[in-house]
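Working through the structure, step by step
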Amino acid sequence: MADSGVDSICHVPQETPVSDLTTDRLVLRSWPADEVAAVVAGESRLPHWAEDFPAEGDRVIAGFIAEHPGTLGPYGQRQIIERATGLVVGAVGLFPPSDGTIEFGYGVVPSRRGRGYASEAAHAVAAFALTAPGIHTVSAKVELSNPASARVLEKAGLTRVSADSEMAHFQATAPLPEPSPHSPPSPQRAS
């Protein structure tokens, strides 16, 4: 892989706070280091986590963060927090870019699915990713066996561009289209 600018895009010094992304119903906040450690260690659920957080995907992301702490920068990994309750209900995040394209992934715990949170978080992080220096495209992959996740990406403003026997590939370029009807509004950066 060519110089991807990972250090300049994903990494932020520990003492530099990363701004939250805020939507109507969610806050996308950088993972606190102590929570990454708690998930990796399999510790008991913290009081501000939804009853089914962390899900398997959250444990995978916490492990990824533990191995790549630079991914906690502004264009990195975030927790999805339900504004109404303050509970962590999932994760969304960006992965190191390549040639002007940055990939993202997301997951919402089962107890909060069906509320549009995944589309709301996906749109917010994708729109924000397109503000990164040198980034012109956001992309995501979903298993063909998961049509609900494909619909999440469509609602978030991405378009299916290809598929192989197992995965569908979606992308969007700047500017990201507004979410499809019945999708939440664009994110606002918290001050």
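Please read all numbers here as calculations on a predicted model, not as lab measurements. (Residues numbered from 1 in each chain as written. Predicted model: local features only at pLDDT ≥ 70, side-chain atom pairs only at ≥ 80, totals over all residues. Heavy atoms only, no water.)

In this section: the overall build of the chain. For the chain, the helix and strand inventory stands at five helices and nine strands. From first element to last, N terminus to C terminus, the chain shows the α and β order α-β-β-α-α-β-β-β-α-β-α-β-β-β. Looking at the chain as a whole, 47% of its 191 residues are labelled buried. In the chain, of all internal contacts separated by at least 6 residues, the share reaching a separation of at least 24 is 65%. Of the roughly 9,300 Å² of accessible surface on the chain, a fraction of 53% belongs to carbon and sulfur atoms. (Helix = DSSP H or I, 4+ residues; strand = E, 2+ residues; numbered from the N terminus. Buried < 20%, exposed > 50% of the residue type's maximum accessible area, 1.4 Å probe, protein only. Contact = heavy atoms within 4.5 Å. Areas by Shrake-Rupley, 256 points an atom, 1.4 Å probe, with all protein chains shown as cover.)

What follows deals with the confidence of the model for the chain. When pLDDT is low, close inspection of the predicted coordinates is not appropriate. For the chain, per-residue confidence averages 86 on the pLDDT scale, and residues scoring 70 or more make up 85% of the total. Within the model, pLDDT remains below 50 along residues 1-15, and this stretch shows 27 contacts once partners closer than five positions in the same chain are excluded. Here residues 182-186 scores under 50 on pLDDT; set against residues more than four positions off or in separate chains, the count is eight contacts. (pLDDT = per-residue confidence, 0-100.)

Turning our attention to unusual backbone geometry. Of note, the bond from phenylalanine 53 into proline 54 is cis; its omega dihedral lies within 30 degrees of zero at 0°. Tracing the backbone through its elements, the reader meets proline 54 in the loop between helix H2 (33-41) and helix H3 (56-67). The backbone phi angle of aspartate 99 is positive, close to 50°, even though this residue is not glycine. Residue placement: aspartate 99 occurs in the loop between strand E4 (88-94) and strand E5 (101-108). Classification of aspartate 99 by relative accessible area gives exposed; the value is 66%.

By the secondary structure assignment, lysine 155 is in helix H5 (residues 147-155). When the C-alpha atoms of lysine 155 and alanine 122 are compared, they prove to be 8.9 Å apart, with 33 residues separating the residues in sequence.

Next up on the list: the packing of H2 against H3. Between H2 and H3, the shortest axis-to-axis distance is 9 Å and the interhelical angle comes to 120°. Considered as vectors, H2 and H3 are oriented oblique to each other. The handedness of the crossing between H2 and H3 is left-handed. Contact residues: H2 offers Val36, Val39 and Val40, while H3 offers Asp58, Arg59, Ala62, Gly63, Ile65 and Ala66. Here the residues of the contact of H2 with H3 sort into six nonpolar, one polar and two charged. (Axes fitted to C-alpha atoms, helices over the stretch in contact; angles between N-to-C directions. Parallel < 35°, antiparallel > 145°, perpendicular 65-115°, else oblique. Left-handed = near helix turned anticlockwise from the far one by under 90°. Nonpolar A, V, L, I, M, F, W, Y, C, P; charged D, E, K, R; others polar.)

Moving on, we come to the pattern of salt bridges. On inspection of all chains with the given rule, the structure shows eight salt bridges. Glutamate 51 is paired through a salt bridge with arginine 112; the nearest N and O atoms lie 3.7 Å apart. Of this pair, glutamate 51 sits in the loop between H2 and H3 while arginine 112 sits in the loop between E5 and helix H4 (117-129), and the two are 61 residues apart along the sequence. (Salt bridge = Lys/Arg side-chain N within 4 Å of Asp/Glu carboxyl O.)

Right, let's talk about the nonpolar core for a bit. One finds Trp31, Ile80, Phe104, Val138 and Leu158 to be the most contacted residues of the largest nonpolar core, which totals 53 residues. At nine residues, H4 tops the list of elements feeding residues into this core. (Core = buried A, V, L, I, M, F, W, Y, C linked by side-chain atoms within 4.5 Å.)

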